[in-house]
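The residues making up each chain are set out below.
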Amino acid sequence: MALRTPAEIGGMGHSVKRKEDPRFIRGKGTYVDDVQLPGMLYLDIVRSPYAHATIKKIDTSKALAIPGVLAVITGRDLEKYNLHWMPTLMSDTQMVLPVDKVMYQAQEVAAVLATDRYVAADGVAAVEVEYEPLPVLVDPKKALEPGAPVLRTDKKDKKDNHIWHWEWGDRAATDRAFQDADVTVKQDIYIPRIHVASIETCGCVADFDRVQGKLTVWMTTQAPHAIRTVFALVAGHVGLAEHKIRIISPDIGGGFGGKVPVYPGYVIAVAASVLTGKPVKWMEDRMENLQADSFARDYHITAELAGKKDGTLTALRIKTIADHGYTDAAANPSKFPAGLFHICTGSYDFKAAHVDVDGVYTNKPPGGIAYRCSFRVTEAVMTIERMADTMAHHLGIDPAEFRMRNFIRPEQFPYKSALGWEYDSGNYVGALQKAMEKIGYADLRREQAEKRKRGELMGIGISSFTEIVGAGPSKHFDILGLKMFDSAEIRIHPTGKAIARFGTKSQGQGHETTYAQILAEELGIPVADIQVEEGDTDTAPYGLGTYASRSTPVAGAAAAVASRKILAKARKIAAYLLEVAEEDLVWEPGKFSVRGAPQRSKTIQEVAFAAYTNHPQGMEAGLEAVSYYDPPNLTYPFGSYICVVDIDKGTGEVKIRRFVAVDDCGNIINPMIVEGQIHGGLTMGLAPALFEEISYDENGNIRGGSFMDYLLPTAMETPSWETDKTTTPSPHHPLGAKGVGESATVGAPAAIANAVVDALWHLGVRNIDIPITPHKVWKALRDANVTE
Amino acid sequence: MRVQVTINGEKREADVEPRLLLVHLIRDMLRLTGTHIGCDTTHCGACTVLLDGRPVKSCTVFAVQADGRELLTVEGLEQNGKLHPLQEGFMQEHGLQCGYCTPGMLMTSYAFLKETPNPTEGDIRWAISGNLCRCTGYVNIVKSIQYAAAKLRQGGV
Amino acid sequence: MIPASFEYHRPASISEAATLLTRHGEDAKILSGGQSLIPLMKLRLAAPPHIVDINRIPGLAYLEERNGALRIGALVRETDLEKSDLVRARYPILHDTSRVIGDPVVRNLATVCGNLAHADPANDHPATMLALGAQIVAVGSRGERIIPVDEFFTGPFTTALAPREILTEIRVPLPSLRSGGAYLKLERKVGDFATAGVAVQLTLAPDGICQRVGIGLTNVGLTPIKAGRAEAALRGARPDEAAIERAARLAAEESEPAEDLRGSEEYKRDLVRVLTARALRRALERAGKGG
């Protein structure tokens, strides 16, 4: 894409240095825990050691005897205000504090309010709770067996642990295709539970001003407006009206989906502040964050592919059991309890497909999509890309060749998939070709063959994924009924500077820079002259927040649309100033000039000044616009990743030798920022592929509940990622842009898993579930009688 | 207990319990909130500060241990309105996204470059292996440190 | 992550520290690096009522060869070991070990002596000190005594130190001609404890026969393990591939690993075999270089 603006303006395509950086590199960011208000109290939480237990007694006397402990809040206290249960973002219900029983280990049981955080911690240690353990269900398959204990005894008519059944696609046509197929392959794939573990944990400072009757909450949230509305709906009966609630999402230390849900700690802090009239801070520590906050994945998948002898794919059939923990609190769009999992036909032209998913309750914390996954797209891509390799290897066809044969061709776009998505644009062949050239694919296959003769284990894995982001069109997308538009409100000042506010919320994605770049592109105002704000619900226009890579597709489009409204008015003013008809004006970024007489011109700054000092009679003064953008479709970024691994036969260690990522997110606003998103996303794809897992023993005790065993990769485990791009604009987006923040997390795990299985296929290995630990590899080698 | 520290060149005092963690002294009492808390098992390094010139994880040191000693935090890197080459490097090379791990990365690499002014990529990755980042994937952090190393070698201060 | 309260003492000398330990007995814990103790206190898995901070005691940070031994003082940090040219040149096994303890920042405070005194079976120096045949110097109010390292580790987190004793020094024998050592640790990532770790230190006779060998195993038992049978198989033998494999198999048999998130018993046992063989080969390579 050619640059339309010069560097001084900094429109699309420029790697403008970030406007947010000056405060962060000086340590002057304002994260929630940095907020300190006069008289502020601290909240700390007592948590259950049991995964399922009746609460017999909570003895708060020792805690209350500690000087500085002001109160111990229990479920019974909240019950008085009907705040002990609240709705989840999926219209299920969740406990804020339990009255009868706990349903997962580390569940919040009581909260201690104290004058400082050390006293609060002592208070927590002094609260004594008597539990009577109940039978624990951690295996969703066991939870579905007839006769399994019913977990949700709070639901009067519930007789089992089945949450919902969801299916999509043409089952009859798919079954027929499987019957008629030359070849079918089937594989069970388990994608275990993981936790996104942004370096900043979750927390809030709730400040209820008794005089104003107004609640202000500084909160680690990716969706401040939605939170405000939820609080108003949930706590309206205790006097909190929406205009008296202000959510401030300040600087956020990473979100990735983990800061979308409403955690009990927030609600208790709000209640405590309303009751005391004092500011109350709740900041969880890391173990609380890992053990209780929203997880991601935990999908038990059985996938099948049908095809012809020559490797042409004909049908896809998937059955999934979704372990949701004790309640469905995944923040999916309400019509899609399995998120966008049905993008699982991927980059291939399937004639028929069918997918069904069953959600199940277990004694674990709730969640499901809080790890940079675009609403279950990581699961979808893992499934289709692992299966593509499985079929390719089964037929003895090179995995790259197999993909090339089955890719949707560029002339087929816009492409309607067998599962109903209309892909806007794509060039899968181009991306894979580029990745293959960059990594030297043919040479690597030759090297692999040589090494295999010597018993050395080397693997090459491909992931050619299609992403689906930018939720979403109001026809199909809402969260708790709130449609998933997003917004931009732009105002140009008399001296030609601008302020722009959005309904999204950056947690590191660089919106203060990239949104300014959109305005720079559209209006020719330099990035340095544009102030971008997000996150304060008192001032920002309503939006659904930032997650699922939706900001550029939705709010970015709103920015363009609002800018164009401003430009239309600016044109009228310029015509008036230059005394010509609007059609006689030529626009270049930052300036209107008269056609044929370019020396007669007005800059956008001069026009802005005139909007306040010399606007045409009959026209309103000012120069501003709002856009609430309802996207006509999602956008479909894509890419091809190729991973090369070497396996240590003695230890089972998998070493990533090289990883090439070719991404296509359409027209790019800031190449530096996009590249950074890819680097980070790849690392969050590496982590679940080789290192991360949260699991439970049969008593519901968590394993991997701290950084001792929940393994985040360091700079030593992380390869030097190699990135490149192709550019296939979105035809429906005003800027031709697509989202990109999650592409790499979505696409990378399959490339790594495919590489390992590719290295071991000749030994009879067909699948190793992620995380592919050295132990698992060693075991697979041992089973194949291979040792050092 | 009375604790006296020289932090970023300034003498500060506070009355503390022996169990007060150094990171809480710095953040809550001295109100220098650039140093961050990211975990509870001494893994993440977001709390890294320099104690007598050596990077330490301030969440795993008691404030009383720093009595009479010198501390340098991220707020102390900029001198007389001039950014340290590392701070410049992180901005130039997009070495930060959410900014939360950044102060820890800056402090670790500040001490590291004093000792190893001409590091390889491998040296840098090794040096920051006690500091976790979730956003950047480390590639640009390495580049930021390389930028600063080059600038420091050229005599930029 | 907030520790329980305690009383804090900052003695100015070892004898003052010893007096404090005598006075408070089991209620007192020594604080040196604190990189094992403080994390336990933050989780409230340890809540000693008295903390005796020895970090201000002068004269404890020496790392030097003197009177027939390498002497590592109580306040020598892992970083000091890692960056010492002396250690890298003459005790590469110690260099290997220090590099894989925790991470670079933790190593700035963590002490070598503390790594032994804490006696977590997952700690790395114990195996290395077993392989080296080191000596522990313990000081109490009754004076100083020497404990040979193979009597030092008595159980998980338990040592031969009396509650009132402070580990003040580790003594490592000076390297002989034709000696070499190596420490290999498999960790899931930087900063993790060992899935398994193997320390080998050996000396060859002029004819290439293995004259002395020490093999220590990390985190495959309730204490660090001295692989005596593997050592015996090598002592007096020519350390060829067959001997290496035999010793490696014996070391694996001597290990007592427990299954955990890092892997099964069988896996860890086999790792001991693989790592012992690799460590032996590396040690021999170093011995050959005139180490």
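Because the structure is predicted, anything quoted here is derived from the model rather than measured.

A. Up close: the overall build of chain C. What chain C contains, in helices and strands, is ten helices and 14 strands. In summary, chain C has a C-alpha radius of gyration of 19 Å against a globular reference of 19 Å for 291 residues, a match within 12%. Buried positions account for 63% of the 291 residues belonging to chain C. Pairs at least 24 apart in sequence give 64% of the contacts found in chain C among residues at least 6 apart. Across chain C, the centroid of the 38 positively charged side chains sits 3 Å from that of the 36 negatively charged ones.

B. Structural detail: the overall build of chain A. Secondary structure summary: chain A contains 19 helices and 36 strands in total. By the compact-globule yardstick of 28 Å for 788 residues, chain A fits well, its C-alpha radius of gyration being 27 Å. Overall, chain A is about 85 × 75 × 50 Å in size when its C-alpha atoms are taken along their principal axes. Counting over 788 residues, chain A shows a buried share of 67%. In chain A, the proportion of contacts linking residues at least 24 apart, taken out of those at least 6 apart, comes to 80%. For chain A, the computed accessible surface area is about 25,400 Å², with 52% contributed by carbon and sulfur atoms. Seen as two clouds, the 85 positive and the 98 negative side-chain charges of chain A have centres 2 Å apart.

C. Quick look at the sheet that holds strand β25 (residues 486–492) of chain A. Residue and element names in this part refer to chain A. In space, the four strands of this open sheet follow the order β27-β26-β25-β31, with mixed pairing throughout. The strands lining the two open edges of the sheet, one partner per strand, are β27 (530–534) and β31 (624–629). For this sheet the average axis-to-axis angle between neighbouring strands, irrespective of direction, equals 15°. Note that β25 and β31 share six bridges and pair antiparallel. Residue pairing across strands places Arg491 opposite Glu624, the latter belonging to β31.

D. Just the interface of chain B and chain A, in detail. Listed as interface residues are 49 residues of chain B and, on the opposing side, 57 residues of chain A. Of the roughly 4,500 Å² buried between chain B and chain A, counting both surfaces, carbon and sulfur atoms make up 55%. Where chain B meets chain A, there are six salt bridges. The partner of Arg27 of chain B in a salt bridge is Asp33 of chain A, with the nearest N and O atoms 3.0 Å apart. Breaking the side of chain B that touches chain A down by element, the ones donating at least two residues are α1 (22–29), α2 (85–92), α3 (102–115), α4 (121–127) and α5 (139–153) of chain B. Residue classes in the side of chain B that touches chain A are distributed as 20 nonpolar, 17 polar and twelve charged.

E. Geometry of the pattern of salt bridges. The full count for this structure, using the stated rule, is 95 salt bridges over all chains. For Lys155 of chain A, the salt bridge identified is with Asp92 of chain A, shortest N-O distance 2.8 Å. Of this pair, Lys155 of chain A sits in the loop between α5 (140–144) and β9 (162–169) while Asp92 of chain A is found in the loop between β4 (85–87) and β5 (93–95), placing the two residues 63 residues apart along the sequence. Assessed through its relative accessible area of 23%, Lys155 of chain A is described here as partly exposed. Across the pair Arg262 of chain C and Asp192 of chain C runs a salt bridge, and its minimum N-O distance is 2.9 Å. Note that Arg262 of chain C is positioned in the loop between α9 (241–254) and α10 (265–288) and Asp192 of chain C in the loop between β11 (179–187) and β12 (194–204), a separation of 70 residues in sequence. With relative accessibility at 11%, the residue Arg262 of chain C sits in the buried group.

F. Quick look at the nonpolar core. Residues Leu43, Phe231, Trp421, Phe659 and Leu760 of chain A are the most contacted members of the largest nonpolar core, which totals 175 residues. It is helix α18 (residues 743–760) of chain A that contributes the most residues to this core, eleven residues altogether. Grouped together as the second largest cluster of nonpolar side chains are 55 residues, Val74, Leu77, Cys98 and Ala111 of chain B included.

G. Quick look at the packing of aromatic side chains. All names here are of chain A. Applying the stated criterion across every chain, the model contains 29 aromatic pairs over all chains. Between Tyr428 and Phe638, the aromatic rings sit 5.1 Å apart at their centres with planes inclined by 85°, giving edge-to-face as the arrangement. Placement of the pair is Tyr428 in helix α12 (residues 428–439) and Phe638 in strand β32 (residues 638–647), with a sequence separation of 210 residues. Tyr428 sits in the buried class, given a relative accessible area of 2%. Among the aromatic residues, those joined into a ring-pair cluster are Trp166, Trp168, Phe336, Trp421 and Phe477. The positively charged end of Arg23 is found above the aromatic ring belonging to Phe24, 4.7 Å away from the centroid. The side chain of Arg317 reaches across the aromatic face of Phe178, ending 4.1 Å from its centre.

H. Structural view of the sheet that holds strand β2 (residues 53–59) of chain A. All names here are of chain A. The sheet built from three strands is open, its strands ordered β6-β2-β8 with antiparallel pairing. Of all strands in the sheet, those with a lone pairing partner are β6 (101–102) and β8 (128–133), marking the two edges. Bridging between β2 and β6 involves two bridges; their strand directions are antiparallel. Note that in β6 the partner of Thr54 across the bridge is Lys101.

I. Region of the structure containing the environment of Ala750 of chain A. Residue and element names in this part refer to chain A. Inspection of the secondary structure puts Ala750 in helix α18. Taking the C-alpha atoms as reference, Ala750 lies 27 Å from Glu411; in sequence the two are 339 residues apart. Leave out the neighbours within four places in its chain, and Ala750 touches Val381, Met382, Glu385, Ile462 and Ser463.

J. Structural view of the interface of chain C and chain B. Facing 36 residues of chain C, the contacting portion of chain B comprises 33 residues. For the pair chain C and chain B, the summed buried area comes to about 2,800 Å², and 61% of that belongs to carbon and sulfur atoms. Our count for the chain C to chain B interface comes out at four salt bridges. A salt bridge links Lys83 of chain C to Glu115 of chain B; the nearest nitrogen and oxygen atoms lie 2.9 Å apart. At the junction of chain C with chain B, the criterion picks out 14 residue pairs in polar contact (both at pLDDT 80 or more). The element best represented in the side of chain C that touches chain B is helix α2 (residues 37–42) of chain C, accounting for four residues. A per-class count over the side of chain C that touches chain B returns 16 nonpolar, seven polar and 13 charged.

K. Fine view of helix α4 (residues 117–126) of chain A. Of all ten residues in α4 of chain A, nine are buried, a share of seventy percent or more. Where α4 of chain A begins, the side chain of Asp116 of chain A points an oxygen toward the backbone nitrogen of Tyr118 of chain A, at a separation of 2.6 Å.

L. Here's a closer look at the environment of Asp28 of chain B. Here Asp28 of chain B is to be found in helix α1. Taking the C-alpha atoms as reference, Asp28 of chain B lies 27 Å from Phe112 of chain B; in sequence the two are 84 residues apart. Setting aside chain neighbours within four positions, we find Asp28 of chain B in contact with Gln36 and Arg117 of chain A. One polar contact links Asp28 of chain B to Arg117 of chain A, side chain to side chain, over a distance of 2.9 Å.

M. Representation of the packing of helix α15 (residues 551–578) of chain A against helix α16 (residues 604–613) of chain A within the structure. All names here are of chain A. In contact at an axis separation of 9 Å, α15 and α16 are set at 90° when each is read in the N-to-C sense. With respect to each other, α15 and α16 are oriented roughly perpendicular. Here Ala570, Ile573, Ala574 and Leu577 of α15 lie close against α16, whose contacting residues are Ile604, Glu606, Val607, Ala610 and Ala611. Grouping the amino acids of the contact of α15 with α16 by side-chain chemistry returns eight nonpolar, no polar and one charged.

N. Broad picture of helix α19 (residues 774–783) of chain A. Among all positions in α19 of chain A, only His775, Val777, Trp778, Ala780 and Leu781 of chain A are buried. Directly beyond the C-terminal end of α19 of chain A, a positive phi value near 60° is found at Asn785 of chain A.

O. The packing of helix α17 (residues 671–691) of chain A against α18 of chain A, seen in detail. All names here are of chain A. Two elements in contact, α17 and α18, have axes whose closest approach is 7 Å; the angle formed by their N-to-C orientations is 45°. The orientation of α17 with respect to α18, classified from their angle, is oblique. Two packed elements cross with a definite hand, and for α17 against α18 that hand is right-handed. Of α18, the residues touching α17 (which contributes Ile678, Gly681, Leu682, Met684, Gly685, Leu686, Ala689 and Leu690) are Ala744, Thr745, Ala748, Pro749 and Ile752. Residues of the contact of α17 with α18, tallied by class, amount to ten nonpolar, three polar and no charged.

P. Structural detail: the pairing of strand β28 (residues 585–588) of chain A. Residues Leu585 and Trp587 of chain A of β28 of chain A are buried on one face, while the alternating residues Val586 and Glu588 of chain A, pointing to the opposite face, are not. The loop that links β28 of chain A with its antiparallel partner strand β29 (residues 591–594) of chain A comprises two residues; one of these, Gly590 of chain A, has a positive phi angle of about 100°.

The rules behind each value
- Residues numbered from 1 in each chain as written.
- Chains lettered and ligands numbered in written order.
- Predicted model: local features only at pLDDT ≥ 70, side-chain atom pairs only at ≥ 80, totals over all residues.
- Heavy atoms only, no water.
- Helix = DSSP H or I, 4+ residues; strand = E, 2+ residues; numbered from the N terminus.
- Rg over C-alpha atoms; globule rule 2.2 N^0.38 Å.
- Buried < 20%, exposed > 50% of the residue type's maximum accessible area, 1.4 Å probe, protein only.
- Contact = heavy atoms within 4.5 Å.
- Lys, Arg positive; Asp, Glu negative; His and termini not counted.
- Charge placed at Lys NZ, Arg CZ, Asp CG, Glu CD.
- Areas by Shrake-Rupley, 256 points an atom, 1.4 Å probe, with all protein chains shown as cover.
- Pairing = 2+ DSSP bridges.
- Axes fitted to C-alpha atoms, helices over the stretch in contact; angles between N-to-C directions.
- Buried area = accessible area lost by both parts, 1.4 Å probe.
- Salt bridge = Lys/Arg side-chain N within 4 Å of Asp/Glu carboxyl O.
- Nonpolar A, V, L, I, M, F, W, Y, C, P; charged D, E, K, R; others polar.
- Core = buried A, V, L, I, M, F, W, Y, C linked by side-chain atoms within 4.5 Å.
- Phe/Tyr/Trp six-rings, centres within 6.5 Å; stacked < 30°, edge-to-face > 60°.
- Lys NZ or Arg CZ within 6 Å of the ring centre and 35° of its normal.
- Polar contact = N/O pair within 3.5 Å; in protein donor to acceptor, adjacent residues only side chain to side chain.
- Parallel < 35°, antiparallel > 145°, perpendicular 65-115°, else oblique.
- Left-handed = near helix turned anticlockwise from the far one by under 90°.

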